[in-house]
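# Coordinates in review
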Amino acid sequence: IPPPPMPSQAPSFGGPVTLNVGGTLYATTLETLTRFPDSMLGAMFREGAALPPNSGPQGSSYYFIDRDGKAFRHILNFLRLGCLDLPRGYGETALLRAEADFYQIQPLLDALRELEVTQGTEVVTAALFHADVDATPRLVHFSARRGPHHYELSAARVDTFRANIFCTDPTCLGVLRARFGVAEGEGGEGSPHFRLEWAPCPEGLPEVEYRRLGLKQLWAVGEAGERREVLGTPGFLEEVLQVALEHGFRLDSVFPDPEDLLNSRSLRFVRH
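Notes on the structure in this doc start here. Predicted, not measured: the structure shown is a model, and the values here were computed from it.

Glancing now at the packing of helix H6 (residues 170-180) against helix H8 (residues 233-246). Put simply, H6 and H8 touch, their axes get as near as 10 Å, and they point 145° apart. Seen from above, H6 lies across H8 with right-handed handedness. On the side of H6, the interface is formed by Cys172, Val175, Leu176, Arg179 and Phe180, while H8 contributes Phe236, Glu239, Gln242 and Val243. Its residues assigned to classes, the contact of H6 with H8 shows 6 nonpolar, 1 polar and 2 charged.

Here is the structure:
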């Protein structure tokens with residue numbers, strides 16, 4: 001099957017541009033995206049930049065950005081209006097600041113800094129943060145082709161990890177969702193918790209068998225946009241610890257062995 005045709009030319013100024021940001025679609029213009037030429041978006045979409053779009057259904061095209069789709073709404077509004085206009089009681093300024101830093105929009109970073117100053121020092125409120133993770137190993141059998149007419153039965157161990165995160169601080173919870181790529185709706189609207197399930201692809205298991213089993217990897221996205229694969233319990237708990245400490249939590253309990261922190265099954269944090 002031949003690949004779908006690619007657009008013959010880049011979008012022109014004045015015409016619509018479709019963005020897919022973390023699964024959320026936005027329509028805007030090149031004038032809006034290049035409002036601040038020194039930003040990352042300004043560099044991506046400046047006139048003459050060779051940036052091929054992705055092909056969508058029925059000949060449509062879009063540009064994919066692997067970032068938080070919900071927060072991009074406020075990024076785009078700032079590009080359109082030139083000023084910061086957040087909803088009353090907006091509680092994800094830390095996440096928005098991280099996104100603005102990724103896109104390198106310095107005027108937005110300055111506006112967020114002024115907002116924090118006018119609102120005064122953020123009051124640290126009491127909160128509870130709990131994370132637990134469990135691993136389930138299983139043996140997967142599959143047929144491996146060794147020759148034109150030779151197939152051999154093979155097996156590989158697959159470790160499936162399931163994690164539950166509960167946090168009563170909405171800002172911290174939003175950062176965790178963005179780090180692990182969790183959609184806002186997962187866990188219910190306004191829910192203080194969400195779940196994760198992943199299984200790293202083991203050595204020796206063909207990629208086609210890994211996909212056939214419906215398994216998926218887990219990635220953590222850093223503040224600079226770098227992606228790190230979470231391979232198991234230590235990697236997951238290290239990411240959780242970093243976020244918890246950045247938001248003023250202290251470690252309250254570790255199960256089952258307090259001396260083996262990164263290989264534990266449950267961590268509990270509190271903030272007074």
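In this structure, the largest pocket spans a volume of roughly 1000 Å³. Contributing to the lining of the largest pocket are 39 residues, with Arg177, Ala178, Arg179, Gly181 and Val182 lying nearest its centre. Among the elements of the structure, strand S2 (24-29), helix H3 (69-81), helix H4 (93-103), H6, strand S7 (193-198) and strand S8 (219-221) are those that each provide at least two residues to the lining of the largest pocket. Its residues placed into classes, the lining of the largest pocket shows 13 nonpolar, 8 polar and 18 charged.

This part takes up the packing of aromatic side chains. Throughout the structure, instances matching the rule amount to 10 aromatic pairs. Seen in terms of ring centroids, Tyr26 and Phe72 are 5.3 Å apart; in terms of plane orientation they differ by 65°. Their pairing is edge-to-face. Of this pair, Tyr26 sits in strand S2 while Phe72 sits in helix H3; the two residues are 46 residues apart in sequence, bridging distant segments of the chain. The same class applies to Tyr26 and to Phe72, which are both buried. The interplanar angle of 75° and the centroid separation of 5.1 Å between the aromatic rings of Phe102 and Tyr103 together place this pair among those described as edge-to-face. In this structure Tyr103 comes out as buried when scored by relative accessible area, which is 0%. What links up through ring pairs into an aromatic cluster is the set Tyr26, Phe72, Phe102 and Tyr103. Sitting over the ring of Phe102, Arg67 keeps its end group 4.0 Å from the ring centre. Stacked on the ring of Trp219, the Lys or Arg Arg227 has its end atom at 4.4 Å from the ring centre.

Turning next to the environment of Ala94. With respect to the helices, strands and loops of the structure, Ala94 is situated in helix H4. A C-alpha to C-alpha distance of 8.4 Å links Ala94 and Cys172, two positions 78 residues apart in sequence.

The next point concerns the environment of Leu237. Within the secondary structure layout, Leu237 lies in helix H8. A relative accessible area of 0% places Leu237 in the buried class. Taking the C-alpha atoms as reference points, Leu237 and Arg265, separated by 28 residues in sequence, lie 9.1 Å from one another.

Nonpolar side chains in soluble globular proteins tend to end up buried together. In terms of nonpolar packing, the biggest core is built from 31 residues, with Phe129, Ile165, Phe180, Leu196, Trp198 and Phe236 touching the most fellow members. Of the residues forming this core, the biggest block, 6 residues, is contributed by H8. The contacts of Phe180, once residues within four sequence positions are left out, are Ile165, Leu196, Leu218, Trp219, Ala220, Val230, Phe236 and Glu239. Among the nonpolar cores identified, the runner-up in size contains 26 residues, and Leu19, Val21, Phe45 and Ile75 belong to it.

Calculation rules
- Residues numbered from 1 in each chain as written.
- Predicted model: local features only at pLDDT ≥ 70, side-chain atom pairs only at ≥ 80, totals over all residues.
- Heavy atoms only, no water.
- Axes fitted to C-alpha atoms, helices over the stretch in contact; angles between N-to-C directions.
- Helix = DSSP H or I, 4+ residues; strand = E, 2+ residues; numbered from the N terminus.
- Left-handed = near helix turned anticlockwise from the far one by under 90°.
- Contact = heavy atoms within 4.5 Å.
- Nonpolar A, V, L, I, M, F, W, Y, C, P; charged D, E, K, R; others polar.
- 1 Å grid on protein atoms, 1.4 Å probe; cavity = no way out; pocket = protein on both sides within 12 Å on 5 of 7 lines; lining within 4 Å.
- Points joined across faces, edges and corners; volume = space filled by probe spheres on them.
- Phe/Tyr/Trp six-rings, centres within 6.5 Å; stacked < 30°, edge-to-face > 60°.
- Buried < 20%, exposed > 50% of the residue type's maximum accessible area, 1.4 Å probe, protein only.
- Lys NZ or Arg CZ within 6 Å of the ring centre and 35° of its normal.
- Core = buried A, V, L, I, M, F, W, Y, C linked by side-chain atoms within 4.5 Å.

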